[in-house]
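So the chains spell out like this:
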Number of protein chains: 4
Amino acid sequence: MAFEFKVTRRVEFSETDMAGIVHFANFFRYMESAEHGFYRALGHSVVMHQFDPPLGFPRVHAECDYRKPLRFEDLLEIHLLVKEKKPRVLTYLFKFRKVTGEPIEIARGLLTVVCVSHSPGKMEAVPIPAELSAQIEVAPAELLV
Amino acid sequence: MAFEFKVTRRVEFSETDMAGIVHFANFFRYMESAEHGFYRALGHSVVMHQFDPPLGFPRVHAECDYRKPLRFEDLLEIHLLVKEKKPRVLTYLFKFRKVTGEPIEIARGLLTVVCVSHSPGKMEAVPIPAELSAQIEVAPAELLV
Amino acid sequence: MAFEFKVTRRVEFSETDMAGIVHFANFFRYMESAEHGFYRALGHSVVMHQFDPPLGFPRVHAECDYRKPLRFEDLLEIHLLVKEKKPRVLTYLFKFRKVTGEPIEIARGLLTVVCVSHSPGKMEAVPIPAELSAQIEVAPAELLV
Amino acid sequence: MAFEFKVTRRVEFSETDMAGIVHFANFFRYMESAEHGFYRALGHSVVMHQFDPPLGFPRVHAECDYRKPLRFEDLLEIHLLVKEKKPRVLTYLFKFRKVTGEPIEIARGLLTVVCVSHSPGKMEAVPIPAELSAQIEVAPAELLV
């Protein structure tokens with residue numbers, strides 16, 4: 001059973017904007033990248049072609065609160081925590097910490113994804129596959145504050 | 001006094017992902033692009049070099065709810081509405097409508113920005129310049145639902 | 001018969017980087033966007049689902065020479081010219097001109113695309129459909145210098 | 001003296017497009033990311049604030065030849081090789097290899113950068129700082145084929 005995942009990455013030049021900091025939309029790419037790393041750590045890919053019709057996890061809600069600027073070449077830790085788990089829906093909390101110099105919290109995000117089945121021309125919410133669901137649990141409350 | 005701004009754009013190939021739809025992070029670029037168009041329509045740029053030290057509007061909160069997929073070559077209308085106005089802070093609501101075929105709401109977003117003064121090595125929240133503030137008002141409640 | 005296409009766009013904030021100019025990789029997105037506008041002007045989409053198997057135009061070569069910096073809110077004209085036409089291959093020349101202030105050439109690009117047929121699990125170069133090919137001709141030599 | 005640098009990265013979902021492969025413009029971001037890793041490995045950053053006025057390395061030419069598609073979650077090795085070294089100009093060759101399954105060459109790129117000094121309102125080509133230049137040499141010819 002897993003309720004968290006951590007990954008560290010270095011900010012790239014192309015992720016900055018003319019304000020000299022990481023463009024705010026890129027935090028959503030960072031969240032997704034940690035989410036996919038979480039599935040891989042559990043032995044899965046977010047693209048589940050082994051099912052017929054194949055399953056996917058489109059986003060229904062995404063948000064981010066920005067506290068401090070993040071700059072080129074900063075080392076960033078993304079800490080994913082499972083915040084909610086429903087039969088068809090998962091919500092992840094993300095804590096962004098700069099690990100260059102003394103660690104400070106940069107931002108905090110949320111992502112809500114729904115498990116769907118992709119038939120040609122239609123998408124339908126379906127239960128998360130038992131094999132994957134059995135590996136995921138909600139994080140302890142004290143980590144979610 | 002202005003409380004809204006509309007802009008239409010066509011979805012580009014590079015904005016899609018392997019799921020065949022617009023990548024969810026790109027909706028935040030769309031929001032920002034409409035926000036900057038709003039300032040330009042008022043005769044300003046978001047980068048206010050005419051002040052010393054220069055002013056900017058970093059984002060402190062961003063969120064989006066996704067309802068329908070958006071695809072390559074779809075025509076998208078982004079409707080910005082001023083949701084809240086405080087001396088240093090503005091919150092915008094964005095309604096995304098597909099205007100290809102019958103208009104349907106694709107997504108809805110929020111962006112909260114703070115007016116800051118950029119001195120070398122520090123950023124400080126300051127009141128929105130009177131000249132700009134005087135041009136902006138909160139949208140009527142019935143448009144914000 | 002068409003040998004050129006022009007489109008104007010305004011540089012967006014998210015296209016800049018911390019050097020204060022448009023990130024060099026974005027010129028390739030601009031080229032592609034003009035290429036797709038060219039097909040639309042001819043009544044086609046680059047994604048040709050009306051064929052079975054569907055056709056596409058993957059890139060085999062892309063290049064760009066950068067002469068002047070391009071900045072946020074600059075108006076940019078992208079001028080596509082058909083440089084070479086072979087049965088399965090098209091090469092486009094792109095002239096990037098800033099149209100804010102006095103027009104200056106910012107950059108110049110090349111894109112070579114191949115017409116392919118997408119069967120599941122394989123991609124094969126095929127002749128450009130006659131209907132599309134009949135509409136495209138090489139630009140006059142004096143425009144290609 | 002260094003003439004090469006290798007870095008491996010995993011393809012992210014947001015780097016793909018609706019054709020199911022990595023969008024061609026992203027190879028230029030990959031090149032730049034390896035270039036910056038090369039400077040870091042030599043103890044430098046591409047943003048050289050220690051000089052007054054600060055130095056930078058804008059791109060004057062970029063190109064890429066695409067041979068095979070690259071897909072989500074593929075592991076990609078980027079192999080930077082110094083191809084040419086002039087007093088003010090460096091040209092890098094990049095070999096992209098997929099390291100998932102049997103290694104195959106995916107693409108090959110070139111990037112030419114110029115050392116410039118950034119005074120307010122002007123940019124001027126200057127010699128590469130001796131300290132950096134002394135660490136860089138052209139790769140052996142047999143690696144450049």
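Above this note sits the structure.
Just so it is clear, the structure is predicted and the values come from calculations on it, not from any experiment. Positions within a chain are numbered from 1, following the residues in the order the chain's sequence is written. Note on labels: chains are lettered from A, ligands numbered from 1, in written order. Where local features are concerned, this predicted model is filtered to residues with pLDDT of at least 70; where side-chain atom pairs are given and counted, the filter is 80 or more; whole-chain, interface and lining totals use all residues. Side-chain calculation: all heavy atoms of the structure are included, whereas hydrogens and water are not.

Things to note about the overall build of chain A
And then number 1: Secondary structure is summarised from DSSP: a helix means a run of H or I of at least four residues, a strand means a run of E of at least two, and numbering begins at the N terminus for each. In terms of helices and strands, chain A carries two helices and eight strands.
And then number 2: Going from N to C terminus, chain A has its helices and strands arranged as β-α-β-β-β-β-β-β-β-α.
And then number 3: Radius of gyration here is computed from C-alpha atoms only, and the compact-globule reference equals 2.2 Å multiplied by the residue count raised to the power 0.38. Relative to its length of 145 residues, chain A is compact, with a C-alpha radius of gyration of 16 Å against a globular reference of 15 Å.
And then number 4: Buried, partly exposed and exposed residues are distinguished by accessible area as a fraction of the type maximum, computed with a 1.4 Å probe on protein chains only: under 20%, between the cut-offs, and over 50%, respectively. Across the 145 residues of chain A, 56% fall into the buried class.
And then number 5: Two residues form a contact once any of their heavy atoms are found within 4.5 Å. Considering only intrachain contacts with a sequence separation of at least 6, the fraction spanning at least 24 residues in chain A is 67%.
And then number 6: Per element, the accessible surface of chain A, about 6,100 Å² overall, is 54% carbon and sulfur.
And then number 7: Computed over 18 positive and 19 negative side-chain charges, the separation of the two mean positions in chain A equals 2 Å. The accessible surface values rely on the Shrake-Rupley method and a 1.4 Å probe; as for residues, cover is taken only from the protein chains in view. The sign given to each residue is positive for Lys and Arg and negative for Asp and Glu; His and the chain ends receive no count. Charge positions are represented by NZ for Lys, CZ for Arg, CG for Asp and CD for Glu.

Looking at the interface of chain A and chain B
Often, the extent of an interface is quoted as the loss of accessible area upon association of its parts.
And then number 1: Listed by partner, the interface residues are 18 residues for chain A and 18 residues for chain B.
And then number 2: Summed over both sides, the interface of chain A with chain B buries roughly 1,800 Å², with 61% coming from carbon and sulfur.
And then number 3: Defined in terms of a 1.4 Å probe, buried area is the accessible area two parts forfeit on being brought together, summed over both. On the chain A side of the interface with chain B, the three residues burying the most area are Phe24, Arg29 and Tyr66 of chain A, jointly 28% of the side's total.
And then number 4: When a carboxyl oxygen of Asp or Glu is within 4 Å of a side-chain nitrogen of Lys or Arg, the pair counts as a salt bridge. At the junction of chain A and chain B, the tally comes to zero salt bridges.
And then number 5: For the purposes of these results, a polar contact is taken to be a pair of N or O atoms within 3.5 Å, where, inside protein, one atom must be able to donate a hydrogen and its partner to accept one; residues adjacent in sequence count only when each atom of the pair is a side-chain atom. For the interface between chain A and chain B, the tally reads twelve residue pairs in polar contact (both at pLDDT 80 or more).

Overview of the interface of chain C and chain D
And then number 1: Counting residues at the interface gives 18 residues for chain C and 18 residues for chain D.
And then number 2: Roughly 1,800 Å² is buried in total at the junction of chain C and chain D, and carbon and sulfur atoms are behind 60% of that figure.
And then number 3: Among the residues of chain C in contact with chain D, Phe24, Arg29 and Tyr66 of chain C are the three that bury the most area, contributing 28% of the side total.
And then number 4: Here chain C and chain D share twelve residue pairs in polar contact (both at pLDDT 80 or more) between them.
And then number 5: Those elements giving two or more residues to the side of chain C that touches chain D turn out to be helix H1 (26–41) and strand E3 (59–66) of chain C.
And then number 6: Of the residues forming the side of chain C that touches chain D, the biggest block, eight residues, is contributed by E3 of chain C.
And then number 7: Bridge count for E3 of chain C against strand E3 (residues 59–66) of chain D is five bridges, and the pairing is antiparallel. The partner of Asp65 of chain C across the bridge, within E3 of chain D, is His61 of chain D. Strands were regarded as paired on the criterion that DSSP finds at least two bridges between them.

Some points on the relation of the copies chain A and chain B
A rotation about an axis combined with a shift along that same axis relates the two copies of the chain.
And then number 1: When chain A is fitted to chain B, the best match, at an RMSD of 0.0 Å, comes from turning it 180° and sliding it 0.0 Å along the axis. As the rotation angle and translation indicate, the two copies are arranged about a two-fold axis. Proximity to the rotation axis, assessed at the C-alpha, singles out Glu63 of chain A in chain A; its C-alpha lies 2.0 Å from the axis. Overlaid copies result from least-squares superposition on C-alpha atoms, with residues included only where pLDDT is at least 70 in both.

Comments concerning the sheet that holds strand E7 (residues 116–119) of chain C
All names here are of chain C.
And then number 1: An order of E2-E7-E8 is seen for the three strands of this open sheet, with the pairing classed as antiparallel. Of all strands in the sheet, those bounded by a partner on one side alone are strand E2 (55–56) and strand E8 (122–125).
And then number 2: Sheet topology note: the E2/E7 ladder contains two bridges and is antiparallel. Among the inter-strand pairings, Leu55 is bridged to a residue of E7, identified as Ser117.

A few points about the packing of aromatic side chains
And then number 1: Aromatic pairs are defined between Phe, Tyr and Trp rings, using the six-membered ring for Trp, whenever the two ring centres lie within 6.5 Å; interplanar angles under 30 degrees are classed as stacked, those over 60 as edge-to-face, and all others as tilted. A full pass over the atoms with the stated rule returns 46 aromatic pairs over all chains.
And then number 2: With a centroid separation of 5.2 Å and 85° between ring planes, the pair formed by Phe27 of chain B and Phe96 of chain B is classed as edge-to-face. Here the residue Phe27 of chain B occupies a position in helix H1 (residues 26–41), and Phe96 of chain B occupies one in strand E5 (residues 89–98), the gap between them amounting to 69 residues. Here Phe27 of chain B matches Phe96 of chain B in class, with each residue buried.
And then number 3: Among the aromatic residues, those joined into a cluster by ring pairs are Phe24, Phe27, Phe28, Tyr30, Tyr66 and Phe96 of chain A together with Phe24, Phe27, Phe28, Tyr30, Tyr66 and Phe96 of chain B.

Overview of unusual backbone geometry
Residues apart from glycine generally show negative phi values, whereas peptide bonds are mostly found in trans.
Residues and elements named next belong to chain A.
And then number 1: The backbone of Glu73 shows a phi angle near 75°, a positive value even though the residue is not glycine.
And then number 2: In this structure, Glu73 sits in the loop between strand E3 (59–66) and strand E4 (75–85).
And then number 3: Classification of Glu73 by relative accessible area gives buried; the value is 15%.

Comments concerning H1 of chain B
Residues and elements named next belong to chain B.
And then number 1: The length a helix should cover is 1.5 Å for every residue beyond the first. Between its terminal C-alpha atoms H1 stretches 23 Å, which fits the 22 Å expected from 16 residues at 1.5 Å a residue.
And then number 2: Extensive coverage of H1 is indicated by the burial of 14 of its 16 residues.
And then number 3: A positive phi of about 95° marks Gly43, the residue just after H1.

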